[in-house]
Amino acid sequence: MSHPSTDQVWDWLDSIPDPEIPAITLTDLGIIRDVGWEGDTCIVTVTPTYSGCPATSLINMEIETALREHGLERIELKRQLSPAWTTDWMSQRGREKLEAYGIAPPQPAGGPEKCPQCGSARVEKLSQFGSTPCKAQWRCNDCLEPFDYFKCI
Amino acid sequence: MTKAADPKFEALLRLGDNTLILGHRVSEWCGHAPVLEEDIALANTALDLLGQTNLWLEYAGEVEGKGRSADDLAFLRDAWDFRNVLLVELPNGDFGQTIMRQYLFDVFNRLNLTALTQSTDQRIADIAEKAAKEASYHVERSEGTVIGLGDGTEESHRRMQDALNILWPYAQELFITDEVDDAMAEAGVIPHPKSLQDAWDTEVRAVLAEATLEVPVAHFGHRGSGKDGKMHTEHLGHILTQMQWLQRAYPGQAW
């Protein structure tokens with residue numbers, strides 16, 4: 001039996017927005033680790049961002065729903081813990097979309113490079129934790145706007 | 001414990017029950033913390049701990065082989081079946097006491113998880129790899145807050161010193177060991193808790209000194225340990241009545 005190519009499935013997955021940060025897609029986030037076929041079952045391997053992230057089960061449901069809409073009937077989602085998710089896996093496009101959305105993208109230095117609103121480098125941390133497990137709260141000392149920073153892990 | 005249980009099952013319960021009970025305690029702050037940022041930070045920390053719990057207890061259920069899920073283990077066991085240390089079941093006290101407990105546990109958790117990434121059990125190593133990243137930033141925050149409050153105002157200093165006096169003896173239980181630890185460490189499944197003690201002691205004492213706090217001379221005073229379930233404080237039962245009532249009253253309810 002013929003089935004869509006894995007490239008085709010990747011394309012479909014690429015259009016699923018992250019439920020918490022809809023500006024980026026699941027593939028931008030780098031949490032889809034593998035797509036493959038075993039017989040007529042499509043296997044999608046997903047890694048969680050944070051072990052307690054409440055979006056994880058929703059993400060799985062959205063993957064399944066999207067693939068079903070494209071006519072796939074047998075879908076299996078595998079959870080992969082290792083290697084643990086890292087923000088290094090976020091795509092360049094994803095980083096740009098985050099910044100345009102007002103969330104400073106993760107930096108290896110451990111803090112945002114600049115304010116996503118005005119571009120000033122004069123920023124300071126308010127709290128290591130933010131509105132979702134993956135974000136921290138920062139503030140710009142020039143435009144005085146608080147903003148989210150996508151933590152680098 | 002009526003008969004000798006599988007030591008790996010016991011070891012996994014210890015990991016999962018510590019994070020479960022602490023996660024539940026910390027979540028009690030939700031909506032009550034002194035400032036919004038701390039409220040969010042505590043809720044996020046609780047969430048990470050509960051996420052780790054899910055991974056540990058899910059595996060514990062598989063190792064046990066009786067078909068129990070993580071939820072079954074969390075919601076349908078009674079106090080004597082819990083394997084957490086007493087430190088995590090103590091009431092929150094004030095904000096300072098909550099943060100002090102978090103710090104003492106976070107350092108242990110990070111050291112333990114980092115060592116667990118080398119476990120001979122691949123599943124345990126994988127879970128630890130994920131959780132260690134989270135524990136690292138938990139320590140960063142609780143350490144900074146302990147220093148800030150310890151070396152803070154007269155009142156914050158007094159409260160942090162009081163918290164340390166209460167919690168220091170309980171923290172020593174993290175390094176009390178038994179035959180489960182010996183067997184699992186021997187098999188390379190977990191690090192022997194005693195092998196973590198020096199690193200914990202050195203790191204924690206340095207931070208407490210920076211926080212201008214005085215480490216009390218005290219040892220763990222209870223005759224039994226929560227690690228084998230022979231000893232729990234009266235507080236654990238109260239947590240369970242809150243945590244488990246829905247599954248007890250309406251068995252099988254799902255989110």
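Before reading further, recall that the structure is shown in the block above.
An account of the accompanying structure is given in this report. (Residues numbered from 1 in each chain as written. Chains lettered and ligands numbered in written order. Predicted model: local features only at pLDDT ≥ 70, side-chain atom pairs only at ≥ 80, totals over all residues. Heavy atoms only, no water.)

Take the overall build of chain A next. In terms of regular secondary structure, chain A is built from 4 helices and 7 strands. Put simply, chain A runs from its N terminus to its C terminus through helices and strands in the order α-α-β-β-α-β-α-β-β-β-β. Considering only C-alpha atoms, chain A reaches an extent of 60 × 25 × 20 Å along its principal axes. Taken over 153 residues, chain A has a buried fraction of 49%. (Helix = DSSP H or I, 4+ residues; strand = E, 2+ residues; numbered from the N terminus. Buried < 20%, exposed > 50% of the residue type's maximum accessible area, 1.4 Å probe, protein only.)

Our focus in this paragraph is the interface of chain A and chain B. Between chain A and chain B, the residue contacts involve 23 residues of the former and 22 residues of the latter. Interface area, chain A with chain B, both sides summed: about 1900 Å², of which 57% is carbon and sulfur. Interface area lost by chain A to chain B is led by Ser51(A), Leu81(A) and Phe129(A), which between them contribute 34%. Where Glu58(B) meets Arg79(A), a salt bridge forms, and the shortest distance between an N and an O atom there is 2.7 Å. Put simply, chain A and chain B have 10 residue pairs in polar contact (both at pLDDT 80 or more) between them. (Contact = heavy atoms within 4.5 Å. Buried area = accessible area lost by both parts, 1.4 Å probe. Salt bridge = Lys/Arg side-chain N within 4 Å of Asp/Glu carboxyl O. Polar contact = N/O pair within 3.5 Å; in protein donor to acceptor, adjacent residues only side chain to side chain.)

Before going further, it helps to spend a moment on the environment of Arg93(A). Residues and elements named next belong to chain A. Note that Arg93 resides in helix H4 (residues 92-101). Note: C-alpha distance between Arg93 and Thr25 (68 residues apart in sequence) is 9.9 Å. Once residues within four sequence positions are removed from consideration, Arg93 is found in contact with Asp14, Thr25, Thr27 and Asp28.

Applying the stated criterion across every chain yields a total of 31 salt bridges over all chains. Between Glu38(A) and Lys78(A) there is a salt bridge; the shortest N-O distance is 3.9 Å. Taken as a pair, Glu38(A) in strand E1 (residues 32-38) and Lys78(A) in strand E3 (residues 75-79) lie far apart in primary sequence, 40 residues in all. Taking relative accessible area as the criterion, Lys78(A) reaches 37% and is therefore assigned partly exposed. Between Glu58(B) and Arg123(B) there is a salt bridge, with its nearest N and O atoms 3.6 Å apart. In this pair, Glu58(B) sits in helix H2 (residues 36-64) while Arg123(B) sits in helix H6 (residues 122-150), placing the two residues 65 residues apart along the sequence.

Soluble globular proteins: nonpolar side chains tend toward being buried together. Of all hydrophobic cores here, the largest spans 77 residues; its most connected members are Met100(B), Leu104(B), Val146(B), Trp200(B) and Leu208(B). By residue number, the principal contributor to this core is helix H5 (residues 95-116) of chain B, which donates 11 residues. In this structure, Leu208(B) is in contact with Met100(B), Val146(B), Leu164(B), Trp168(B), Leu213(B) and Val215(B), ignoring residues within four places of it in sequence. Listed in part, the 33 residues of the second largest apolar core include Ile21(A), Cys53(A), Leu72(A) and Leu98(A). (Core = buried A, V, L, I, M, F, W, Y, C linked by side-chain atoms within 4.5 Å.)

Time to look at empty space enclosed by the protein. Residue and element names in this part refer to chain B. Summed over the entire model, instances satisfying the criterion amount to 3 cavities of 30 Å³ or more. In this structure, the largest cavity occupies an estimated 270 Å³ of space. Along the wall of the largest cavity there are 22 residues; nearest its centre are Arg14, Leu15, Asn18, Phe108 and Asn112. If you list the elements that add at least two residues to the lining of the largest cavity, you get helix H1 (7-27), H2, H5 and helix H9 (193-210). Counting residues per element, the lining of the largest cavity draws most heavily on H5, at 6 residues. Split into classes, the residues belonging to the lining of the largest cavity amount to 13 nonpolar, 5 polar and 4 charged. (1 Å grid on protein atoms, 1.4 Å probe; cavity = no way out; pocket = protein on both sides within 12 Å on 5 of 7 lines; lining within 4 Å. Points joined across faces, edges and corners; volume = space filled by probe spheres on them. Nonpolar A, V, L, I, M, F, W, Y, C, P; charged D, E, K, R; others polar.)

We now examine the layout of surface pockets. By volume, the largest pocket amounts to about 1600 Å³. Along its surface, the largest pocket is lined by 40 residues, and Leu50(B), Asn54(B), Asp71(B), Phe75(B) and Trp255(B) are the ones closest to its centre. Contributions of two or more residues to the lining of the largest pocket are made by helix H3 (55-69) and E3 of chain A together with H1, H2, helix H3 (70-75) and helix H10 (234-249) of chain B. Here the lining of the largest pocket gets 8 residues from one element, more than from any other, and that element is H2(B). When grouped by side-chain class, the residues that make up the lining of the largest pocket number 20 nonpolar, 15 polar and 5 charged.

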